[in-house]
Structures are given as structure tokens and as C-alpha cells.
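# Topology and contacts: notes
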Amino acid sequence: MLSEVYVVTLFLASLANYDYYKTSGSIGLRPFGILELPYELAGFGAWILIALLFVAGFFALPWWVPPLAVFGCAGFAGYVYWRVPLSATYAIVGFPLAVIGAIAFVAIAFF
């Protein structure tokens, strides 16, 4: 259960991060108005969340799981984004789900 929550959370954060960096340079793909601030926070927050999950994974899982999960999730996020590009949707939706998953991972692993 712990490994599955870790990998799904890492995948959602990787997808949000990948989507942010693919769409942030294009004006036509960036959201405007009320969604602009959550989009910017999700893009920066996803990178921080990936780094924190990577470090926390070494304390809760075997040593080989965090590096394998980070590279696997990053590659799979790129594949998913390549097959189904949805502008900034992944960053805005994926990051809050990744935060919920990170809270669940910490709760299961450390409490």
C-alpha cells in the first residue's frame, strides 16, 4: 500500500511539473484570469513536492525505490503528455491530487 501511494503521488506531481514546463513558454496554452495563480503555484510546487517525496522515500521505503520511481514516473508522465496533451489541465488538477497523495503517504509511512 505504501509503495503504491508513493508511486501514484510521484506520478501526479511529475505530470503536473512536466505539463507546467511544457506549457509555460507558450502564451496560448497558459491559463489566464482566476486560474493563472493556481497554475503558477502548481508548477513551482510540483517541483518542490517531487524533491520532498524523493527524500522522504528514502526514510520510508527501500533505498532503490525512490530513484527508480522518480525516473519511471518522469518517463511515464512524458509518455502520457505526449499521447494526450491537454494544455494546462494536468498542472491545475494533478498538483492538488499529488498534495493529497503526499499527505496520505506521510500519514501511512510515519504515523
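Residues numbered from 1 in each chain as written. Predicted model: local features only at pLDDT ≥ 70, side-chain atom pairs only at ≥ 80, totals over all residues. Heavy atoms only, no water.

## Things to note about the pattern of salt bridges
Using the criterion set out here, one finds one salt bridge in the structure. Arg-30 serves as the salt-bridge partner of Glu-40, at 2.4 Å between the closest nitrogen and oxygen. Here Arg-30 lies in the loop between helix H1 (2–23) and helix H2 (36–60) and Glu-40 lies in helix H2, a separation of ten residues in the sequence. Classification of Arg-30 as partly exposed rests on a relative accessible area of 22%. (Salt bridge = Lys/Arg side-chain N within 4 Å of Asp/Glu carboxyl O. Helix = DSSP H or I, 4+ residues; strand = E, 2+ residues; numbered from the N terminus. Buried < 20%, exposed > 50% of the residue type's maximum accessible area, 1.4 Å probe, protein only.)

## Some points on the environment of Trp-82
Summarising the element assignment, Trp-82 is placed in helix H3 (residues 65–83). Sequence separation of Trp-82 and Arg-30 is 52 residues, and the distance between their C-alpha atoms is 17 Å.

## Focus on the packing of H2 against helix H4 (residues 89–110)
Contact geometry for H2 and H4: axes closest at 10 Å, N-to-C directions at 25°. Put simply, H2 runs roughly parallel to H4. In terms of crossing hand, the pair formed by H2 and H4 is left-handed. Here H2 contributes Tyr-39, Leu-41, Ala-42, Gly-45, Ala-46, Leu-49, Leu-53, Ala-56, Gly-57, Phe-59 and Ala-60 to the contact with H4, which in turn contributes Ala-91, Ile-92, Phe-95, Ala-98, Val-99, Ala-102, Phe-105, Ala-109 and Phe-110. When grouped by side-chain class, the residues that make up the contact of H2 with H4 number 18 nonpolar, two polar and no charged. (Axes fitted to C-alpha atoms, helices over the stretch in contact; angles between N-to-C directions. Parallel < 35°, antiparallel > 145°, perpendicular 65-115°, else oblique. Left-handed = near helix turned anticlockwise from the far one by under 90°. Contact = heavy atoms within 4.5 Å. Nonpolar A, V, L, I, M, F, W, Y, C, P; charged D, E, K, R; others polar.)

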